[in-house]
Amino acid sequence: MGDAVQNTETRESILSINNIEVVYDEVILVLRGISLEVPKGEIVTLLGPNGAGKSTTLKAVSGLLKTEDGEVTKGSIMFKGEAISNRDPDDIVRRGIFQVMEGRRIIEDMTVVENLRLGAYTRRDRGIRDDIDRVFNYFPRLKERTGLAGYLSGGEQQMLAIGRAVMARPEMILLDEPSMGLSPLLVKEVFGIIRNINQEQGITMLLVEQNANMALHCASYGYVMESGKIALDGTSEELLNNEDMKEFYLSGGDKDRKSFKNLKSYKRRKRWM
Amino acid sequence: MNFELLIQLIVNGLIVGTLYGVVAMCFVLIYKSTRVVNFAQGEFLLIGAWTCWAMLVKFELPFYVGFPLTLVFMLVFGIVLQVVVLRPMIGEPIISVIMVTIGLSMFFQALVAWIFGGYTKAFPTVFETASVNIAGLQIETAYLMSMVVSLVIMIGFYFFFKYSRMGLAMRATAFNQQIAQSLGISVKHVFAAAWAISAVVSALAGVVIGMVNGVSSALSFIGIKVFPVVILGGLDSIVGSIVGGLMIGVLENLAEFFDSQWLHFGNMYNIAPFYALVIILMIKPYGLFGTKDIERI
Ligand SMILES: Nc1ncnc2c1ncn2[C@@H]1O[C@H](COP(=O)(O)OP(=O)(O)O)[C@@H](O)[C@H]1O
Ligand SMILES: [Mg+2]
């Protein structure tokens, strides 16, 4: 996305996370001071290796942390100017944030349409039927699948998970690794649709990805996490041209990647620490 | 061999079986959505039937007032029971929760005996004619009504789980609580709703049986019969509970038939389902329709 990306601070943030710490089971400190801003209507991506704490960050926002004995012990999470830390997940959904969990967690013993209708669980209006058609417009191949969702292919299940989020008519979607386990062609298709949904529905997105290249081409701004902290952030363009990013996240094979910390060329940002 | 008696007993078995199926559905509803094994299911029938009896006989309300009031009472009863007793047990070991429901069962039996006494009491007659003749079979009108009520409940359950917002939410919660919560479903509400619906529908069954046999503590024995039914059908299968109910209903009547004709052991009616239970557990431990990953109890 080459179009003029401004500095995040100058835009209205719909979500701001301020220096949060997250602890699991009252002892395991996983997030050690994370701050990030998501401007309204944009796609922001959160990158980083396995175990960095990306999913934990999303769960802290959506409240799903509670279902795993996790807790935000420090800092604040503000959504549209209100503090939302440690609230129940159903409360957060009602406020307009919907998380698509990692690993396409659809309800396998229900049909596609039943899954979609459940996405609209918190809604009471009459537009649900129209919205199912709208989702089928984004994902035409889902319309042909009349059996149980458990029999869908991985890509179709991911599409269903995203479609289900759209059904909630949220203001913001938290997407956790939508490309996981999908073929490169499917990844391209899914990301294209994510961008369309963002533009046409005006839904803000916080996108967690391991596929940094794809994510940065979709997002306007990116953060890179490492072991519970933000290691680097910048506009997508900046990150795509960043030497360290190129070497460690964008080159493809990232199996034997060392930490940023061990790099001379990497100057650690002091901004939030 | 007395064929007429055989046919009559099979028909009776099917009629009683649909009632077992309904009660088993109520049990499965709670097990599926809250993972609680409710040993107090039979007491729901008991309390429902006694409440309705009190409304009609003690307070002399007409049926069309007393009966709906009973259902409203049971709705509140189910919710209060869940919120006050079972919600604090969430996350406790399964055996502790089982102990709590066994305790509830004993408590309610004693409470009901204390309030209403130990004798069987009859409902005011609802039907003019005691029995009708269908294709040469004598069928009690009340039995016929129970069959109709059971079928309506089953169809109601089907539509509820297929189309209603709360029904879908219950299925989602049964599938995976975390996914359900990610969709904005309040698991607390689902749990309360499951207990409420289960209590209301069980009470309905209790009233129907009470009209046929009178109201007494024997009603809670249906709650014990539910175990062979759900273990045959599978602890977590609604369809299984209906099929299981019919099978157990017919089985106990057939056992009665063979016993009266040839064996003369006595009381086969009540014992046969439990023989069946043992055999099923040996050859098909997850029931006919159950899923594999549930704990046996
Ligand atoms: N429910 C949990 N209980 C305890 N520790 C957890 C839990 N979930 C995640 N963790 C730990 O938190 C760290 C970050 O995990 P996660 O947020 O899933 O990372 P990512 O999504 O970036 O791969 C990991 O070390 C993981 O082991
Ligand atoms: Mg993750």
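Just above sits the structure.
Caption draft 1: Representation of the interface of chain A and chain B in the model. Each partner contributes to the interface: chain A provides 24 residues, whereas chain B provides 19 residues. Here chain A meets chain B over a buried area of about 2,200 Å², counting both sides, of which 54% is carbon and sulfur. Summed over the shared surface of chain A and chain B, the result is two salt bridges. In this structure, A:Glu114 and B:Lys162 form a salt bridge, with 3.0 Å as the shortest nitrogen-oxygen distance. Applying the counting criterion to the chain A and chain B interface returns seven residue pairs in polar contact (both at pLDDT 80 or more). Looking at the side of chain A that touches chain B, the elements with two or more residues in it are helix H2 (89-95), strand S6 (97-100) and helix H3 (112-119) of chain A. Here the side of chain A that touches chain B takes four residues from H2(A), the largest share from any one element. Each residue belonging to the side of chain A that touches chain B can be placed in one class, and the counts come to ten nonpolar, three polar and eleven charged.

Caption draft 2: How the structure looks around the nonpolar core. With 148 residues, the main nonpolar core has A:Leu118, A:Phe139, A:Ile197, A:Met245 and B:Ile185 as its most contacted residues. By residue number, the principal contributor to this core is helix H8 (residues 187-213) of chain B, which donates 17 residues. For A:Leu118, the contacting residues outside a window of four places in its chain are A:Ile107, A:Met110, B:Leu168, B:Ala169, B:Ala172, B:Leu183 and B:Ile185. Residues A:Val22, A:Ile34, A:Leu36 and A:Phe79 belong to the second largest nonpolar core, which totals 31 residues.

Caption draft 3: Quick look at helix H9 (residues 221-233) of chain B. All names here are of chain B. Counted at 1.5 Å a residue, the expected span for H9 with its 13 residues is 18 Å, and the 19 Å between its end C-alpha atoms agrees. With respect to burial, H9 is a largely interior element, eleven of its 13 residues being buried. Of all the residues in H9, the buried ones are Ile222, Gly223, Lys225, Val226, Phe227, Pro228, Val229, Val230, Ile231, Leu232 and Gly233. The positive-phi residue at the C-terminal boundary of H9 is glycine 234, with phi of around 105 degrees.

Caption draft 4: Region of interest: the site of ligand 1. Residues and elements named next belong to chain A. For ligand 1, the full set of nearby residues is Tyr24, Ile28, Val30, Pro49, Asn50, Gly51, Ala52, Gly53, Lys54, Ser55, Thr56 and Glu68. Separating an oxygen atom of ligand 1 from a side-chain N or O atom of threonine 56 is a distance of 2.5 Å. Coverage of ligand 1 by the protein chains reaches 67% of its 560 Å² of free accessible surface. For the shell around ligand 1, the elements supplying multiple residues, two or more each, are strand S2 (28-39) and helix H1 (54-62). Considering every element that reaches the shell around ligand 1, the biggest residue donor is H1, with three residues.

Caption draft 5: Geometry of the coordination of the magnesium ion (ligand 2). Residues and elements named next belong to chain A. Note on the magnesium ion (ligand 2): its protein donors are Ser55 (OG) and Glu102 (OE). The metal-donor distances range over 2.0 to 2.2 Å. Taken together, the residues serine 55 in helix H1 and glutamate 102 in the loop between S6 and H3 connect sequence positions 47 residues apart. Given the relative accessible area of 15%, serine 55 is considered buried. Take glutamate 102: its relative accessible area is 30%, and that puts it in the partly exposed class.

Caption draft 6: Expanded view of the packing of H9(B) against helix H10 (residues 238-263) of chain B. All names here are of chain B. With their axes 7 Å apart at the nearest point, H9 and H10 run at an angle of 125 degrees to one another. Between H9 and H10, the crossing angle belongs to the class labelled oblique. Of the two elements, H9 crosses H10, and the hand of that crossing is right-handed. Of the residues in H10, those in contact with Lys225, Pro228, Val229, Leu232 and Gly233 of H9 are Gly240, Ser241, Gly244, Gly245, Met247, Ile248 and Glu252. The residue makeup of the contact of H9 with H10, split by class, is five nonpolar, five polar and two charged.

Caption draft 7: Examining the pattern of salt bridges more closely. Scanning the entire structure with this criterion turns up 16 salt bridges over all chains. A cluster of three or more residues bridged by salt bridges with shared partners is formed by A:Arg123, A:Asp125, A:Asp131, A:Arg134 and A:Arg169.

Caption draft 8: Representation of the sheet that holds strand S3 (residues 43-47) of chain A within the structure. All names here are of chain A. If you trace the six strands from one edge of the open sheet to the other, you get S6-S7-S8-S3-S9-S10, paired in mixed fashion. The sheet terminates laterally at S6 and strand S10 (229-235), the two strands that pair on one side only. Direction aside, neighbouring strands of the sheet carry axes that sit 15 degrees apart on average. In the packing of helix H7 (residues 184-201) onto the sheet, the strands contacted are S3, strand S7 (172-176) and strand S8 (204-209), and the crossing angle to S8 comes to about 160 degrees. Contacts from helix H10 (residues 243-250) reach S3, strand S9 (221-226) and S10 within the one sheet, and its direction differs from that of S9 by about 65 degrees.

Caption draft 9: Quick look at the state of the cysteines. Residues and elements named next belong to chain B. Considering all chains together, one arrives at zero disulfides over all chains under this definition. Residue cysteine 52 stays outside any disulfide, its sulfur separated by 16 Å from that of cysteine 26, the closest cysteine. Cysteine 52 gets classed as buried once you look at its relative accessible area, which sits at 0%.

Caption draft 10: Geometry of the pairing of S10(A). Residues and elements named next belong to chain A. Burial analysis of S10 places six of its seven residues in the buried class, the great majority of the element. Note that S9 and S10 share six bridges and pair antiparallel. From the neighbouring strand, tyrosine 221 faces S10, where its bridge partner is threonine 235. If you look at the hairpin formed by S9 and S10, you'll find two residues sitting between the two strands, and serine 227 has a positive phi there, around 30 degrees.

Caption draft 11: Broad picture of the environment of A:Leu186. Residue position: A:Leu186 is located in helix H7. As for A:Leu186 and A:Ile173, which are separated by 13 residues in sequence, their C-alpha atoms are 20 Å apart.

Caption draft 12: Here's a closer look at the layout of surface pockets. Counted as a void, the second largest pocket has a volume near 700 Å³. B:Ile90, B:Gly91, B:Gln177, B:Val187 and B:Phe191 are the residues nearest the centre of the second largest pocket, which is lined by 27 residues in total. Listing elements by their share of the lining of the second largest pocket, those giving two or more residues are H2 of chain A together with helix H1 (3-34), helix H3 (63-86), helix H4 (94-116), helix H7 (177-182) and H8 of chain B. For the lining of the second largest pocket, the element with the highest residue contribution is H8(B), accounting for four residues. A breakdown of the residues in the lining of the second largest pocket according to their chemical character gives twelve nonpolar, seven polar and eight charged.

Caption draft 13: Layout of the packing of H3(A) against helix H6 (residues 154-167) of chain A. Residue and element names in this part refer to chain A. Put simply, H3 and H6 touch, their axes get as near as 7 Å, and they point 40 degrees apart. Relative to H6, H3 is oriented oblique. You can see that H3 and H6 cross each other, and the crossing is right-handed. Here Val112, Asn115, Leu116 and Gly119 of H3 lie close against H6, whose contacting residues are Leu160, Gly163, Arg164 and Met167. Taken together, the residues that form the contact of H3 with H6 break down as four nonpolar, three polar and one charged.

Cut-offs applied
- Residues numbered from 1 in each chain as written.
- Chains lettered and ligands numbered in written order.
- Predicted model: local features only at pLDDT ≥ 70, side-chain atom pairs only at ≥ 80, totals over all residues.
- Heavy atoms only, no water.
- Contact = heavy atoms within 4.5 Å.
- Buried area = accessible area lost by both parts, 1.4 Å probe.
- Salt bridge = Lys/Arg side-chain N within 4 Å of Asp/Glu carboxyl O.
- Polar contact = N/O pair within 3.5 Å; in protein donor to acceptor, adjacent residues only side chain to side chain.
- Helix = DSSP H or I, 4+ residues; strand = E, 2+ residues; numbered from the N terminus.
- Nonpolar A, V, L, I, M, F, W, Y, C, P; charged D, E, K, R; others polar.
- Core = buried A, V, L, I, M, F, W, Y, C linked by side-chain atoms within 4.5 Å.
- Buried < 20%, exposed > 50% of the residue type's maximum accessible area, 1.4 Å probe, protein only.
- Expected span 1.5 Å × (residues − 1).
- Near = heavy atom within 4 Å.
- Areas by Shrake-Rupley, 256 points an atom, 1.4 Å probe, with all protein chains shown as cover.
- Donors = N, O, S within 2.8 Å, 3.2 Å for Na, K, Ca; no water.
- Axes fitted to C-alpha atoms, helices over the stretch in contact; angles between N-to-C directions.
- Parallel < 35°, antiparallel > 145°, perpendicular 65-115°, else oblique.
- Left-handed = near helix turned anticlockwise from the far one by under 90°.
- Pairing = 2+ DSSP bridges.
- Disulfide = S-S within 2.5 Å.
- 1 Å grid on protein atoms, 1.4 Å probe; cavity = no way out; pocket = protein on both sides within 12 Å on 5 of 7 lines; lining within 4 Å.
- Points joined across faces, edges and corners; volume = space filled by probe spheres on them.

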